[in-house]
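Summary of the model geometry
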Amino acid sequence: MNAHQIHNKNIWMLKLLVGLFIVASVLQMLVHRHFEVAQSILGASLLLVLAGFVVRRRWPRLTMILTLVMLFIYLNIMVFTDLSVTNYIFLGLLPLLSLMYHHYLAVAVAGALHLLSMLYLALTYRGALLSGKLERGDAAFFVVYGLFILSFCLIYVLTTKMLSPRTESDKLPLNDILESASVGVWAYDLSKMELEVSSGFEQITGYSKESLKGRQVQEIIYPADLKLFLEIQHELILRKTNSTKECRIVRPDGEIRWFQNRARPYFNNHGHLVRLEGVVIDITERKQLEEKIQFLAYHDELTGLANRAKFNAKYEETQGRGEPVALMFLDLDNFKEVNDTYGHEAGDELLKHIAGRLVSLVRAQDMVCRLGGDEFVILLVNLQEDGVLKVLDRIRSSLAEGYVYRGRRISISASIGISLSPDGNASLEDMLRLADATMYDVKRGGDTIRMTADSGLPLPS
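Note that the structure is a prediction, hence the values are computed from the model and not measured.

1. Describing the overall build of the chain
Per the secondary structure count, the chain includes 17 helices and 12 strands. For the chain, the residues scored as buried account for 40% of the 461 residues in total. Restricting to contacts in the chain with at least 6 residues of sequence separation, those with at least 24 account for 62%. When the accessible area of the chain is evaluated, it comes to approximately 25900 Å², of which 59% is carbon and sulfur surface.

Structural data, given as structure tokens:
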């Protein structure tokens, strides 16, 4: 029986002794027509001291012995306060109640104390205990005592029969549930410096108990998450608190998996940290879903390019630097014909291919965004007009190469309008409207680029 189980039994014994104290006090008042104040105060004091030990949870085995000793003291005080055969019989409660613990030490201590006290009282006060006529009140005590013993034994046998088979039968379903839920259990013995793991841990991490011997746990942690691993150690060992963290591990086959680790420190009866224990839960699928949701919040689902939200944030970063900013508004020509001729799958493949080409033709500090349909916007940072026109030429040359879809060459062309802010202070809305208007001028054979600083060219509404 471990310390946690003994502590739970201590709680039950405390509750039982409180009930016994109340019942004994009530019966004493009913039978003897008086109330023993000193005896009641002593009994309540013993219960308060015992409650203090139980609440602290520091020394469960010591608390168990203390519980039996305090019960022994209280029962003997009852006997010496009123030397009667009824109080003498009540000493039998000590070994009887010790059965609650299912612990050899508890039964041995209680049995020894009971035997010694019974022999001492029988030999020293035999005449006082067993002389005289048996009163009606004494008979009542015998009846109550007999009913209590009977009830206790019945409850004890019933609960033992109910709990024992249930515990055994629940082990396999519980293990099945843990393994099916991708959960592993681990325990690290600080004295032996050994890691014990469950079969579920081995399955979800790929590391067997034998393969983990002689190696540091941090060796299987993903390098970028080593800081989290050190935080877990700090919380468990130094702060001595529970820890819940999410980090990645590298499986033996190189696969990277996400795990949630829920751990706690375990202390012995003296309050010393002796073991770390916890469970690991495979949360890879959840993390992948979260990453996908996060990605789609700022990217186009089809092409993977930045969406309008991310593009807006990028443009805001360029404001106030005093550097030129250019926007290219690109609209594919005759894209509808591609969908009608080759199908929407071909159109989607073409859009993804063009997106890849555009990204490869600009710098890392620039950004390509898909506005929707067959429209793209390119942000060029810190480029003068001649540099912007060079990028334009590269894009036109690349598109002119066409695209081969399932052995068929598809011609590609686009109308591109450019807006340029020499000082980079124009708003994104103005730049987009100007680039859009310029793009439509290009379709009609007009100029390719317009400056936001040109006072003679009003912004289109």
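What follows continues from the structure just given.
2. Here we look at the pattern of salt bridges
By the definition in use, this model includes 22 salt bridges. The salt bridge involving Lys209 is made with Glu196; its shortest N-O contact spans 2.9 Å. Taken together, the residues Lys209 in helix α10 (residues 209–212) and Glu196 in strand β2 (residues 194–197) connect sequence positions 13 residues apart. We classify Glu196 as partly exposed; its relative accessible area is 37%.

3. Looking at the confidence of the model for the chain
With 78% of its residues at a pLDDT of 70 or more, the chain has an overall mean of 80. Counting interchain partners and residues more than four positions distant, the pLDDT-below-50 stretch residues 163–172 has 1 contact. pLDDT under 50 marks residues 453–461. Its contacts with residues more than four places away, or in other chains, come to 9 contacts.

4. As for helix α13 (residues 308–318)
Among the residues making up α13, those that are buried are Phe311, Lys314, Tyr315 and Thr318. All buried residues of α13 lie within an arc of 100° about the axis, which places them on one face of the element. Residues of α13 that are buried in the fold lie against β6 (325–332), β7 (367–372), β8 (375–381) and α17 (428–443). Sitting at the head of α13, Asn307 places a side-chain oxygen 3.2 Å from the backbone nitrogen of Ala309. Positive backbone phi, approximately 80°, marks Gly320, located one or two places after α13.

5. Let's talk about the packing of aromatic side chains
Counted under the stated rule, the structure contains 0 aromatic pairs. Against the face of Tyr266 rests Arg275, its NZ or CZ located 4.1 Å from the ring centre. Sitting above the plane of the Trp258 ring, Lys287 keeps its charged end 4.5 Å from the centroid.

6. Here's the deal with the environment of Phe53
Within the element layout of this structure, Phe53 appears in helix α2 (residues 37–56). In this structure the C-alpha to C-alpha distance between Phe53 and Thr63, which are 10 residues apart in sequence, comes to 6.2 Å. Phe53 has contacts with Trp59, Thr63 and Leu66, leaving out every residue within four places of it along the chain.

7. With respect to the environment of Gly424
Relative to the helices and strands, Gly424 is located in the loop between β11 (414–421) and α17. In this structure the C-alpha to C-alpha distance between Gly424 and Pro324, which are 100 residues apart in sequence, comes to 4.8 Å. Those residues within four positions of Gly424 in sequence are excluded, and the remaining contacts are Thr318, Gln319, Glu323, Pro324 and Val325.

8. Some points on empty space enclosed by the protein
Overall, the coordinates contain 1 cavity of 30 Å³ or more when judged by the stated rule. Considered as a void within the structure, the largest cavity measures approximately 130 Å³ in volume. The wall of the largest cavity is formed by Leu17, Leu20, Phe21, Gly43, Leu46, Leu47, Leu50, Thr67, Met70, Leu71 and Tyr74. Looking at the lining of the largest cavity, the elements with two or more residues in it are α1 (3–32), α2 and α3 (60–81). The residue makeup of the lining of the largest cavity, split by class, is 9 nonpolar, 2 polar and no charged.

9. Side note on the sheet that holds strand β4 (residues 256–267)
Ordered in space as β2-β1-β5-β4-β3, the 5 strands form an open sheet in which the pairing is antiparallel. Among the strands making up the open sheet, the edge pair consists of β2 and β3 (243–250). The mean inter-strand angle of the sheet, taken between neighbouring strand axes irrespective of direction, is 25°. In terms of strand pairing, strand β1 (residues 183–189) meets strand β5 (residues 273–282) through 7 bridges, oriented antiparallel. Of the residues in β5, the one forming a bridge with Gly184 is Val280. Along the sheet, helix α12 (residues 284–298) contacts β3, β4 and β5; its crossing angle with β4, the most-contacted strand, is approximately 125°.

10. Topic: the packing of α13 against α17
Two numbers describe how α13 lies on α17: the axes approach to 11 Å, and their chain directions differ by 115°. Classified by the angle between their axes, α13 and α17 sit roughly perpendicular to one another. Contacts from Arg308, Phe311, Asn312 and Tyr315 in α13 reach Leu428, Met431 and Leu432 in α17. A per-class count over the contact of α13 with α17 returns 5 nonpolar, 1 polar and 1 charged.

11. Re the side chain of Arg357
Relative to the elements of secondary structure, Arg357 occurs in helix α15 (residues 344–360). An unpaired buried charge is present at Arg357: no salt bridge exists, and Glu401, the closest side chain of opposite charge, is 4.5 Å distant. Only 2.8 Å separates the side chain of Arg357 from the side chain of His353, close enough to count as a polar contact. Sequence-distant contacts of Arg357, that is, excluding residues within four places in its chain, are made with Ser398, Leu399, Glu401, Gly402 and Tyr403.

12. Observations concerning the side chain of Ser415
Within the secondary structure, Ser415 sits in strand β11. Given a relative accessible area of 6%, Ser415 falls into the buried group. Looking at Ser415, its side chain comes within polar contact range of the side chain of Lys443, at 3.4 Å. If we skip the residues at most four places from it in the chain, Ser415 touches Phe329, Leu330, Asp331, Asp333, Met439, Val442 and Lys443.

Rules behind the numbers
- Residues numbered from 1 in each chain as written.
- Predicted model: local features only at pLDDT ≥ 70, side-chain atom pairs only at ≥ 80, totals over all residues.
- Heavy atoms only, no water.
- Helix = DSSP H or I, 4+ residues; strand = E, 2+ residues; numbered from the N terminus.
- Buried < 20%, exposed > 50% of the residue type's maximum accessible area, 1.4 Å probe, protein only.
- Contact = heavy atoms within 4.5 Å.
- Areas by Shrake-Rupley, 256 points an atom, 1.4 Å probe, with all protein chains shown as cover.
- Salt bridge = Lys/Arg side-chain N within 4 Å of Asp/Glu carboxyl O.
- pLDDT = per-residue confidence, 0-100.
- Arc of directions from axis to C-beta.
- Polar contact = N/O pair within 3.5 Å; in protein donor to acceptor, adjacent residues only side chain to side chain.
- Phe/Tyr/Trp six-rings, centres within 6.5 Å; stacked < 30°, edge-to-face > 60°.
- Lys NZ or Arg CZ within 6 Å of the ring centre and 35° of its normal.
- 1 Å grid on protein atoms, 1.4 Å probe; cavity = no way out; pocket = protein on both sides within 12 Å on 5 of 7 lines; lining within 4 Å.
- Points joined across faces, edges and corners; volume = space filled by probe spheres on them.
- Nonpolar A, V, L, I, M, F, W, Y, C, P; charged D, E, K, R; others polar.
- Pairing = 2+ DSSP bridges.
- Axes fitted to C-alpha atoms, helices over the stretch in contact; angles between N-to-C directions.
- Parallel < 35°, antiparallel > 145°, perpendicular 65-115°, else oblique.
- Lys, Arg positive; Asp, Glu negative; His and termini not counted.

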